[in-house]
Amino acid sequence: QIRSLERQFEERIARDEKIEPKDWMPEKYRQTHIRQMSQHAHSEIVGMLPEGNWITRAPSLRRKVALLAKVQDEAGHGLYLYSATETLGISREEMYEQLHTGKAKYSSIFNYPTITWADMGAIGWLVDGAAIINQVPLCNTSYGPYARAMIRVCKEESFHQRQGFEIMMKLANGTPEQKDMAQDALNRWWWPSLMMLGPTDDVSVHTEQSMKWKLKRKSNDDLRQQFIDQTVPQADILGLTIPDPDLKWNEERQSYDFGEINWDEFWQVVKGHGPMNKERMKARVGAWERGTWVRDAAMAHAEKKQKRQEK
Ligand code: FAQ
């Protein structure tokens, strides 16, 4: 019985049919989707913190409005993704619990500090740029609710990327001090943005199975190469220098060769030892604890209402 269900499932995947919440699916398919989708949701929510840090200090009303809208979009993406993950039979409380206890990961990139306004430009340009490269193929992922969520998310990410690039453009064409700020932000965010796309294919434990199930449509290394090839010409337009002396156009491959990524740093950050891991978790757990009275009040109100209806 299970074998025939499995065969039918694999055939549906092969035909590029979407799998929907009430369809039969292998337990491992369900689990690996919960893992990736919930980690994606956590990344959006934790990802609000580095930029939230600058909302009150944006240099003009226009910049403030745009940044506020971007951070709100990230909240929306997180909630959208949590809802999509709930369709796989895990509750939101369980997901939060996994984040707060460190069982579930969130993207390494959000464990770096945002120390100048130029970081808002670099995040939009590079971090959202890398997120788009990673998420556009996910619009075609096999699990229906995830694929549909990604379509809207990608549209919004593209606005985020442009607002970041515009901040960089303004700074790069500003005073020498402003241009230095933009270069400094690029220097600090370049390598973490490359790491964000995940470990190299030879050590990526989930890629093979996730590609078979069409959860992932492109490998980490392919996405990274695509990101580099797309971003280097943009740095040229800005007149900024990518902090990689080994970066060189490879005529034969029609792609850029690039230098060694510091994977030790990546794994340190993933294991919780990055510059901002502790602060990020403290902020999230603190927000959850401070919200206890709101949840309690909502529950008490719902109970009262139900009792009244029963009478
Ligand atoms: N950080 O076998 P793989 C955004 C973990 S975009 C931390 O290659 P997989 C928008 C991985 O989970 C950012 N951990 O794993 C935004 C696994 O550990 P596990 C979020 C990482 O899943 C922009 C282990 O290493 N985007 O938020 C990272 O096949 C600006 C082995 O790795 C998504 O989540 C990392 N960077 O590939 C918001 C996209 N990389 O789970 C605010 C969806 C790997 O066994 C501001 N996710 N690990 O404990 C994916 O595409 C994939 O999950 C990858 C990783 C590509 C991230």
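Rules used in this analysis
Sequence order as written defines residue numbering, which begins from 1 separately in each chain. This being a predicted model, a pLDDT of at least 70 is required before a residue's local features are given, and a value of 80 or more before pairs of side-chain atoms are given or counted; all residues contribute to the totals for chains, interfaces and linings. To get the side-chain values, take all heavy atoms of the structure and skip hydrogens and water. Fitted lines through C-alpha atoms serve as axes, helices being fitted only where they are in contact, and the angles separating the N-to-C directions of these axes extend from 0 to 180 degrees. Starting at the N terminus, helices and strands are each numbered in turn, a helix being any DSSP run of H or I of at least four residues and a strand any DSSP run of E of at least two. Two helices cross in a left-handed way if the nearer one is turned anticlockwise from the farther one by less than a right angle. They cross in a right-handed way if the turn is clockwise. Contacts between residues were defined by any pair of non-hydrogen atoms, one from each residue, lying within 4.5 Å. Just so you know the grouping, Ala, Val, Leu, Ile, Met, Phe, Trp, Tyr, Cys and Pro go in nonpolar, Asp, Glu, Lys and Arg go in charged, and all remaining residues, Gly too, go in polar. Cavities and pockets are defined on a 1 Å grid built over the protein atoms alone: a cavity is a set of grid points where a 1.4 Å probe fits but cannot escape, while a pocket is an open set with protein on both sides within 12 Å along at least five of seven lines, and lining residues are those with an atom within 4 Å of any such point. Grid points are joined across faces, edges and corners, and a volume is the space filled by probe spheres set on the points. For each residue, the accessible area found with a 1.4 Å probe, counting protein chains only, is set against the maximum for its type, and the residue is called buried under 20%, exposed over 50%, and partly exposed in between. In protein, a polar contact means a hydrogen-donor-capable atom and an acceptor-capable atom, both N or O and within 3.5 Å, with residues adjacent in sequence counting only if both atoms are side-chain atoms; elsewhere, any N or O pair within 3.5 Å suffices. A cutoff of 4 Å decides nearness: a residue is near a molecule or strand if any of its heavy atoms lies inside that distance of it. By definition, a salt bridge exists where a carboxyl oxygen of Asp or Glu is found within 4 Å of a side-chain nitrogen of Lys or Arg. Paired rings are identified among Phe, Tyr and Trp, the last through its six-membered ring, by centres lying within 6.5 Å, and are further divided according to the angle between planes into stacked (under 30 degrees), edge-to-face (over 60) and tilted (the rest). Either the NZ atom of lysine or the CZ atom of arginine qualifies as a charge over a ring when it sits within 6 Å of the ring centre and within 35 degrees of the ring normal.

As a further point, take the packing of helix H6 (residues 118-135) against helix H10 (residues 220-238). H10 packs onto H6 with a crossing angle of 145 degrees between their chain directions and a minimal axis gap of 10 Å. Here H6 and H10 pass one another in a crossing that is right-handed. Every residue of H10 that contacts H6 at Trp125, Leu126, Gly129, Ala130, Ile133 and Asn134 is listed here: Leu223, Gln226, Phe227, Gln230, Thr231, Gln234, Ala235 and Leu238. For the contact of H6 with H10, the class distribution of residues is eight nonpolar, six polar and no charged.

The tally for this structure, following the rule as stated, stands at one cavity of 30 Å³ or more. Each pocket or cavity is described by its volume, and for the largest cavity that value is around 30 Å³. Around the largest cavity, the lining residues are Ile13, Asp16, Glu17, Lys18, Asn140, Thr141, Ser142, Lys214 and Arg217. When its residues are assigned to classes, the lining of the largest cavity shows one nonpolar, three polar and five charged.

Relative to the helices and strands, glutamate 51 resides in helix H3 (residues 48-52). Taking the relative accessible area as the measure of exposure, glutamate 51 reaches 1% and is therefore buried. One polar contact links glutamate 51 to lysine 70, side chain to side chain, over a distance of 2.7 Å. The residues contacting glutamate 51, other than those within four sequence positions of it, are Leu67, Lys70, Val71, Glu74, Met120 and Ile123.

What follows concerns the site of the ligand. Looking at the ligand, there are 36 residues lining it, with Lys105, Ser108, Ser204, His206 and Lys216 nearest. Within the backbone of valine 205, a nitrogen or oxygen atom sits 3.0 Å from an oxygen atom of the ligand. Here an oxygen atom of the ligand and a side-chain polar atom of asparagine 220 are 2.9 Å apart. When residues in the shell around the ligand are grouped by element, the largest group, six residues, is from helix H2 (residues 27-46). Looking at the shell around the ligand residue by residue, the class counts come to 14 nonpolar, 13 polar and nine charged.

Here we take up the pattern of salt bridges. What the rule picks out here adds up to 19 salt bridges. Between arginine 12 and aspartate 23 there is a salt bridge; the shortest N-O distance is 3.1 Å. Placement of the pair is arginine 12 in helix H1 (residues 2-14) and aspartate 23 in the loop between H1 and H2, with a sequence separation of eleven residues. Taking the shortest distance from any N to any O, the salt bridge between arginine 30 and glutamate 27 comes out at 2.9 Å. Linking arginine 30 with glutamate 27, this pair stays in helix H2, spanning three residues, or about one helical turn. Given a relative accessible area of 22%, arginine 30 falls into the partly exposed group. Note on glutamate 27: relative accessible area 45%, which makes it partly exposed. When salt bridges with common partners are traced through the structure, they connect Arg12, Arg15, Glu17 and Asp23 into a single cluster.

A few words on the packing of aromatic side chains. This structure, assessed with the given rule, holds twelve aromatic pairs. Both rings, one in phenylalanine 9 and one in tryptophan 24, keep their centres 6.1 Å apart while their planes meet at 80 degrees; by these two values the pair is edge-to-face. On the criterion of sequence distance, the pair formed by phenylalanine 9 in helix H1 and tryptophan 24 in the loop between H1 and H2 is long-range, its members being 15 residues apart. An angle of 70 degrees between the planes, with centres 6.1 Å apart, marks the rings of tryptophan 125 and phenylalanine 165 as edge-to-face. In this pair, tryptophan 125 sits in helix H6 while phenylalanine 165 sits in helix H7 (residues 144-172), placing the two residues 40 residues apart along the sequence. The same class applies to tryptophan 125 and to phenylalanine 165, which are both buried. Among the aromatic residues, those joined into a cluster by ring pairs are Phe9, Trp24, Tyr29 and Trp213. Taking the ring centre of tyrosine 80 as reference, the NZ or CZ of arginine 152 above it sits at 5.6 Å. Looking at arginine 295, its charged tip hangs above the ring of tryptophan 288, at a distance of 3.5 Å from the centre.

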